[in-house]
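Coordinates in review
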Amino acid sequence: MRMDKRKKITEKKLERCLIRKKRIAVFVLVFSFYLGLTIVDSACSEMTRSPGALTLQLMRIDEDHLSMSFLSREVTINTSLILSEVSRMKDSASEAVSVLTRMAAGRDDDRQSQSNYNTPDRELPFPSKIL
């Protein structure tokens, strides 16, 4: 009886191993098929100078504009606008950090202020929110 259980267990392991190998084979076949399609698509799009249908492609139009195409859709991106937004966000973040630093530096750091943490009249550095 024990031999039958061992046989069943080994048969299940072999079956699982075979299923795993089949899944890997199907994945490799599908991946290689898609890879071949993208290579052919990029070669055709380079020859015809049209946007690619399957792959992500970027082309610089001039100093401030990029052309991006993906799945037969083409978009023109203004890089100067993106850079100005990033610099604006950087400036506002640095301003917020400096305000928070000034607020934190304005607090008293001696023992008396630490003992007064439980008093309700104490001023908080951040506005409190009620949920």
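Residues numbered from 1 in each chain as written. Predicted model: local features only at pLDDT ≥ 70, side-chain atom pairs only at ≥ 80, totals over all residues. Heavy atoms only, no water.

**Here's the deal with helix α1 (residues 2-48)**
One turn of an α-helix holds 3.6 residues; hence residues three or four places apart share an orientation. For α1, spanning 47 residues, the distance from its first C-alpha to its last is 69 Å, which sits close to the expected 69 Å at 1.5 Å a residue. With three of 47 residues buried, α1 is to be regarded as a mostly surface element. Here the buried face of α1 lies against β1 (57-60). Looking one or two residues beyond α1, the residue adopting positive phi is R49, at roughly 55 degrees. (Helix = DSSP H or I, 4+ residues; strand = E, 2+ residues; numbered from the N terminus. Expected span 1.5 Å × (residues − 1). Buried < 20%, exposed > 50% of the residue type's maximum accessible area, 1.4 Å probe, protein only. Contact = heavy atoms within 4.5 Å.)

**Examining the side chain of T38**
Mapping T38 onto the fold places it in helix α1. Setting aside chain neighbours within four positions, we find T38 in contact with L54 and T55.

**Re the pattern of salt bridges**
Under the criterion given, the structure shown has one salt bridge. Linking E85 and R88 is a salt bridge whose minimum nitrogen-to-oxygen distance equals 3.0 Å. Here R88 and E85 lie together in helix α2 (residues 79-105), a separation of three residues that amounts to about one turn. Overall, E85 belongs to the partly exposed group, its relative accessible area being 35%. Overall, the relative accessible area of 47% leaves R88 in the partly exposed class. (Salt bridge = Lys/Arg side-chain N within 4 Å of Asp/Glu carboxyl O.)

**Observations concerning the pairing of strand β3 (residues 73-78)**
On a regular strand, one side chain projects to one face of the sheet and the next to the other, so that they alternate. Bridge analysis of strand β2 (residues 65-70) against β3 gives six bridges, and the strand direction is antiparallel. Of the residues in β3, the one forming a bridge with F70 is R73. Counting the residues in the hairpin turn of β2 and β3 gives two residues, including L71, whose phi is positive at 55 degrees. (Pairing = 2+ DSSP bridges.)

**Some thoughts on the confidence of the model for the protein chain**
Across the protein chain, pLDDT averages 79, with 79% of residues at or above 70. Element-level mean pLDDT values for the protein chain span from 48 in helix α3 (residues 111-115) up to 89 in α1. (pLDDT = per-residue confidence, 0-100.)

**Some thoughts on the packing of aromatic side chains**
Under the criterion given, the structure shown has one aromatic pair. Aromatic pair F27 and F31: ring centres 6.0 Å apart, planes at 20 degrees, arrangement stacked. On the criterion of helical spacing, the pair formed by F27 and F31 is a turn pair, its members being four residues apart in helix α1. The exposed category is assigned to F27, whose relative accessible area is 57%. (Phe/Tyr/Trp six-rings, centres within 6.5 Å; stacked < 30°, edge-to-face > 60°.)

**A word on the sheet that holds β2**
Pairing is antiparallel in the open sheet, where three strands are placed in the order β1-β2-β3. Looking at strand neighbours, the two that pair on one side only are β1 and β3, the edges of this open sheet. Within this sheet the neighbouring strands show an average axis-to-axis angle of 20 degrees, counted without direction. Judged from the four bridges that link them, β1 and β2 form a sheet pairing that is antiparallel. Pairing of L58 across the sheet is with M68, part of β2. Its contacts with the sheet place α2 against β2 and β3, and it is angled at close to 55 degrees to β3. (Axes fitted to C-alpha atoms, helices over the stretch in contact; angles between N-to-C directions.)

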